[in-house]
Amino acid sequence: FNEGIGNASDGEASLVLGPFGALMTLQFGLTAAPASQPRNAILGQILSMSIALCISYAERLKVWLRQSLATAISVACMSKLGIIHPPAGAAALLFASGKY
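Residues numbered from 1 in each chain as written. Predicted model: local features only at pLDDT ≥ 70, side-chain atom pairs only at ≥ 80, totals over all residues. Heavy atoms only, no water.

Colleague: Before we go on, may I ask you to explain the nonpolar core in this structure?
Modeller: In a soluble, globular protein the nonpolar side chains are often hidden away together inside. Grouped together as the largest cluster of nonpolar side chains are ten residues: Leu 47, Ile 51, Ala 52, Ile 55, Ala 70, Met 78, Ile 83, Ala 88, Ala 92 and Ala 96. Residue assignment for this core shows that the elements contributing at least two residues are helix 3 (38-56), helix 4 (63-81) and helix 5 (86-95). Per-element tally for this core: the top contributor is helix 3, with four residues. (Core = buried A, V, L, I, M, F, W, Y, C linked by side-chain atoms within 4.5 Å. Buried < 20%, exposed > 50% of the residue type's maximum accessible area, 1.4 Å probe, protein only. Helix = DSSP H or I, 4+ residues; strand = E, 2+ residues; numbered from the N terminus.)

As structure tokens, this is what we get:
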């Protein structure tokens, strides 16, 4: 499916599912864990993707630095707000590249 998307868009688009595999593991395998609660999953994803999106606009920064900053800031904010969700940190890493 991902190859079809890549071919149809001349390599410009792809399907990113990395953090969603981890999300499903938490949601269905560790239902009692605090990180897999709906509050953490929804708010953690929203926060991390918002941070990653904002950082992706800093085109002067190299991709590795944008990815590092997005992940670090997302994890720090989630910790401070009490909404830790590990797949959200992975989503920040992927979406900060600016190629989403």
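Colleague: Looking at this structure, how should I read the side chain of Ser 48?
Modeller: Here Ser 48 shows up in helix 3. Look past the residues within four positions of Ser 48 in its chain and what remains in contact with it is Ser 74, Met 78, Ala 88, Gly 89 and Ala 92. (Contact = heavy atoms within 4.5 Å.)

Colleague: What is the right way to read the environment of Ile 42 from this model?
Modeller: Structurally, Ile 42 can be placed in helix 3. For the pair Ile 42 and Ala 88, spaced 46 residues apart in sequence, the C-alpha to C-alpha distance is 9.1 Å.

Colleague: Which parts of the structure should I look at to understand the packing of helix 3 against helix 4?
Modeller: To describe two helices that pack against each other, one gives the angle between their axes and the distance between the axes. Two elements in contact, helix 3 and helix 4, have axes whose closest approach is 9 Å; the angle formed by their N-to-C orientations is 145°. The interaxial crossing formed by helix 3 with helix 4 has right-handed handedness. Between helix 3 and helix 4, the residues in contact are Arg 39, Gly 44, Leu 47, Ser 48, Ile 51, Ala 52, Ile 55 and Ser 56 and Arg 66, Leu 69, Ala 70, Ile 73, Ser 74, Cys 77, Met 78 and Leu 81, respectively. (Axes fitted to C-alpha atoms, helices over the stretch in contact; angles between N-to-C directions. Left-handed = near helix turned anticlockwise from the far one by under 90°.)

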